[in-house]
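Here's the letter readout for the chains.
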Amino acid sequence: MNKHHKTSWNDVAGWYDQLVGEKGSDYHEKVIVPGTLKMLVPRRGEKILDLACGQGILCRELAKAGTEVVGIDAAPNLIKAARERSTGHKSISYFVSDAADLRPLADSRFDAVACVMAIQNIEPLGKVLAESARVLKKGGRFLIVTSHPCFRIPRQSGWGFDDQRQMQYRRVDSYLSELKIPIKMHPGYDPGKITWTFHRPLGAYFSALNKAGFAVSRLEEWASHRHSLPGAKAKAENRSRQEIPLFLALLAVKY
């Protein structure tokens, strides 16, 4: 096992699979997957790679659109779950593979690559992007969807409430510094098991994409779909949800 697999979620795959289930979280169902399909615009007959595919949530949606899908993930247990849940989808193939080492995949094989809610848990970024560029055709699309790096920085951001102004706000204590942050995935069950998340500012993503041969063609910021129950702070909470996005989507083209 090479060093990149240290970021694998294999040790917490069972817990994660139970958490998000067949269709993912409500964020997946209401925001992430619909937004991904809208930006990626999968076309019948295209070949698409789902990078760090987890349990295959996006793979199955892409297959419904008539595409030929390859899903890869570094966690064997997540690939096992993906295969079990994709029975009947003959246009999907799953492989255990490191996102930074896609040697089993041929050059210029894919029309599009998607990395949805995973790039923040993967390193090294440059090698991941270089490998994605290699397996893409010229003019191919590469979509990244991630937790918004401007507003969702583990241990360096959080919600606050201004009682005087009756407004909920987002506090950000650090942004420009790149960070490697350990995350306890289910501390009440097994606090010894962690995964890693990597905070990178927007400039780092744009620079790395450019270096790998990509040009960003579209950027979207997605807010929460949730609404607070009636209460004293509901109006402020709902306003802040619509003003401060949770997710960032970057669509790039290989030139």
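Residues numbered from 1 in each chain as written. Predicted model: local features only at pLDDT ≥ 70, side-chain atom pairs only at ≥ 80, totals over all residues. Heavy atoms only, no water.

Requested: an account of the environment of Leu-78, with residues and values cited.
Of note, Leu-78 is situated in helix α4 (residues 76–85). For the pair formed by Leu-78 and Gly-54, sequence separation is 24 residues and the distance between their alpha carbons is 5.3 Å. (Helix = DSSP H or I, 4+ residues; strand = E, 2+ residues; numbered from the N terminus.)

So what's going on with the confidence of the model for the chain? Which residues, and what values?
In the predicted model, the chain carries a mean pLDDT of 91, and the fraction of residues at 70 or more is 87%. Taken as a whole, residues 1–5 scores under 50 in pLDDT and shows nine contacts with residues more than four places along the chain or in a different chain. (pLDDT = per-residue confidence, 0-100. Contact = heavy atoms within 4.5 Å.)

Break down the pairing of strand β3 (residues 92–96) for me, with residues and values.
Note that strand β2 (residues 68–73) and β3 share five bridges and pair parallel. Looking across to β3, one finds that Gly-71 is bridged to Tyr-94. Since β2 and β3 lie parallel, the crossover through α4 that links them has a hand, and here it is right-handed. (Pairing = 2+ DSSP bridges. Right-handed = clockwise from strand over helix to strand, strands pointing away.)

Run through helix α6 (residues 202–211), naming residues and quoting values.
Within α6, burial applies to Ala-204, Tyr-205, Ala-208 and Leu-209. Along α6, the residues classed as buried sweep out an arc of 125 degrees about the axis, all on the same side. Facing away from the buried side of α6 by more than 90 degrees, the exposed set consists of Ser-207 and Lys-211. Against the buried residues of α6 lie α5 (125–135), β5 (136–147), β9 (194–199), β10 (214–222) and β11 (247–254). Just past α6, the residue Gly-213 takes up positive phi, approximately 100 degrees. (Buried < 20%, exposed > 50% of the residue type's maximum accessible area, 1.4 Å probe, protein only. Arc of directions from axis to C-beta.)

Give a detailed account of the sheet that holds β10, specifying residues and quantitative values.
Spatial ordering of the open sheet is given by β3-β2-β1-β4-β5-β11-β10, a layout of seven strands whose pairing is mixed. Two strands close off the open sheet at either side, each with one partner strand: β3 and β10. Going from strand to strand, the sheet's axes swing by 15 degrees on average, the running direction of each strand aside. In the sheet, strand β1 (residues 47–51) pairs with strand β4 (residues 110–116) via three bridges, with the strands oriented parallel. Bridge pairing in β4 links Leu-49 to Val-113. Each of β1, β4, β5, β10 and β11 touches α5; the most contacted strand, β5, lies at about 145 degrees to it. (Axes fitted to C-alpha atoms, helices over the stretch in contact; angles between N-to-C directions.)

Talk me through the packing of aromatic side chains; I want residue IDs and the actual numbers.
Applying the stated rule across the entire model yields two aromatic pairs. Taking 5.7 Å as the distance between ring centres and 70 degrees as the angle between the ring planes, the aromatic pair formed by Tyr-27 and Phe-247 counts as edge-to-face. Of this pair, Tyr-27 sits in helix α2 (residues 26–40) while Phe-247 sits in strand β11; the two residues are 220 residues apart in sequence, bridging distant segments of the chain. Take Tyr-27 and Phe-247: they sit in the same class, and that class is buried. In this arrangement the basic side chain of Arg-170 is found over the ring face of Trp-159, its NZ or CZ atom lying 4.9 Å from the centre. In this structure, Lys-180 packs its charged tip against the face of Trp-196, placed 4.6 Å from the ring centre. (Phe/Tyr/Trp six-rings, centres within 6.5 Å; stacked < 30°, edge-to-face > 60°. Lys NZ or Arg CZ within 6 Å of the ring centre and 35° of its normal.)

Pulling in residues and values, what's your account of unusual backbone geometry?
Glycine aside, residues mostly have negative phi, and peptide bonds are mostly found in the trans state. Look at the link from Glu-123 to Pro-124: it is a cis peptide, with omega at -5 degrees. One can find Pro-124 in the loop between β4 and α5. Of note in the backbone geometry, Ser-108 takes a positive phi value of approximately 55 degrees without being a glycine. Judged by its relative accessible area of 39%, Ser-108 is partly exposed.

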